[in-house]
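A closer look at the structure
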Amino acid sequence: RAALATVRGLGVELEEIVLPDLPVGDMLVVLEVEGAAAFDELTRSGRDDELVRQISNAWPNVFRAAQLVPAVQYVQAQRARSLLMHEMESALGDLDGYVTPSFGGPSLLITNLTGHPAVVLPHGFREDGTPASFTFVGRNYGEPAIVTLAEAFQRATEHHLRHPEL
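Here goes a summary of the coordinates provided. (Residues numbered from 1 in each chain as written. Predicted model: local features only at pLDDT ≥ 70, side-chain atom pairs only at ≥ 80, totals over all residues. Heavy atoms only, no water.)

**Points about the sheet that holds strand β3 (residues 131–138)**
Pairing in this open sheet of three strands is antiparallel, and the strands run β1-β3-β2 from one edge to the other. The sheet terminates laterally at β1 (97–101) and β2 (118–125), the two strands that pair on one side only. Strand-to-strand twist of the sheet, defined as the mean angle between neighbouring strand axes without regard to direction, takes the value 25°. (Pairing = 2+ DSSP bridges. Helix = DSSP H or I, 4+ residues; strand = E, 2+ residues; numbered from the N terminus. Axes fitted to C-alpha atoms, helices over the stretch in contact; angles between N-to-C directions.)

Shown next, in the form of structure tokens:
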């Protein structure tokens with residue numbers, strides 16, 4: 001709440017938005033296949049075995065499994081992704097962006113699929129001493145507005161200068 005009060009103090013008018021409620025889990029295959037394509041040489045060379053984390057949901061295994069995704073499944077997921085992108089634009093209306101917790105809620109997964117620019121900033125510490133952060137998310141191709149807001153927030157606070165105690 002204090003962080004949002006700081007944002008308001010910067011002259012930003014906050015209003016609640018509702019993010020699209022689409023089955024984004026069905027679109028995860030897009031991220032998996034795109035990740036596998038980016039690391040294709042690592043997988044094909046067998047050097048993915050050198051990565052430390054090899055549990056079932058770790059990236060090396062996701063990349064290996066994504067090599068076998070049927071084209072039809074990938075195309076259907078891309079169609080759903082296009083719909084999600086359209087729904088996000090509708091949800092934003094005439095806003096420049098929105099503020100959301102960095103973890104929890106659907107925003108992180110949605111914006112990984114839609115490509116909306118995001119800036120993550122600390123806004124204090126939790127009761128257990130771990131840092132807390134939130135994310136400024138902008139419109140696609142609207143980086144200047146969201147980066148300007150993030151910079152203004154950082155200048156107005158000192159959260160980025162503090163560190164957890166060892």
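Here the narrative resumes, following the displayed structure.
**A few points about the nonpolar core**
Across soluble globular proteins, you tend to see nonpolar side chains buried next to one another. Counting residues in each nonpolar core, the largest one holds 18 residues, and the members touching the most others are Val24, Leu84, Tyr98, Ile110 and Leu113. At the level of secondary structure, the elements contributing two or more residues to this core comprise α2 (28–38), α4 (59–66), α5 (71–92) and α6 (107–114). Examining the composition of this core, we find that five residues originate from one element, α2, more than from any other. The residues contacting Leu84, other than those within four sequence positions of it, are Pro20, Leu22, Val24, Met27, Ile110, Leu113 and Thr114. In this structure, Leu121, Phe134, Phe136 and Ile146 belong to the second largest nonpolar core, which totals nine residues. (Core = buried A, V, L, I, M, F, W, Y, C linked by side-chain atoms within 4.5 Å. Buried < 20%, exposed > 50% of the residue type's maximum accessible area, 1.4 Å probe, protein only. Contact = heavy atoms within 4.5 Å.)

**Describing the packing of α2 against α6**
Running from N to C, α2 and α6 point in directions that differ by 55°, and their axes come no closer than 10 Å. Relative to α6, the element α2 is oriented oblique. Note that α2 runs across α6; the crossing there is left-handed. Between α2 and α6, the contacting residues are Leu28, Val30 and Leu31 on the first element and Leu109, Asn112 and Leu113 on the second. Looking at the contact of α2 with α6 residue by residue, the classes come out as five nonpolar, one polar and no charged. (Parallel < 35°, antiparallel > 145°, perpendicular 65-115°, else oblique. Left-handed = near helix turned anticlockwise from the far one by under 90°. Nonpolar A, V, L, I, M, F, W, Y, C, P; charged D, E, K, R; others polar.)

**Side note on the packing of aromatic side chains**
What characterises a pair of aromatic rings is the spacing of the ring centres plus the angle enclosed by the ring planes. In this structure the tally under the stated criterion is five aromatic pairs. The interplanar angle of 15° and the centroid separation of 5.0 Å between the aromatic rings of Phe39 and Phe63 together place this pair among those described as stacked. Of the two residues, Phe39 is situated in the loop between α2 and α3 (40–44) and Phe63 in helix α4; the sequence distance between them amounts to 24 residues. The exposure class of Phe39 is partly exposed, given its relative accessible area of 43%. Residue Phe63 is classed as buried on the basis of its relative accessible area, which comes to 5%. Pairing Phe134 with Phe153 gives two aromatic rings, centres 5.1 Å apart and planes at 55°, and the pair type is tilted. Note that Phe134 is positioned in strand β3 and Phe153 in helix α7 (residues 143–156), a separation of 19 residues in sequence. Exposure remark for Phe153: the relative accessible area of 1% places this residue in the buried category. Taken together, the aromatic side chains of Phe39, Trp59 and Phe63 make up a single cluster linked through ring pairs. (Phe/Tyr/Trp six-rings, centres within 6.5 Å; stacked < 30°, edge-to-face > 60°.)

**Side note on the pattern of salt bridges**
Counting across every chain of the model gives seven salt bridges. Taking the shortest distance from any N to any O, the salt bridge between Asp48 and Arg64 comes out at 2.9 Å. Taken together, the residues Asp48 in the loop between α3 and α4 and Arg64 in helix α4 connect sequence positions 16 residues apart. Between Glu89 and Arg139 there is a salt bridge, with its nearest N and O atoms 2.7 Å apart. Residue Glu89 is found in helix α5, and its partner Arg139 is found in the loop between β3 and α7; the two are separated by 50 residues along the sequence. Judged by its relative accessible area of 30%, Glu89 is partly exposed. Several salt bridges converge on common partners, so that one network encompasses Asp48, Asp49 and Arg64. (Salt bridge = Lys/Arg side-chain N within 4 Å of Asp/Glu carboxyl O.)

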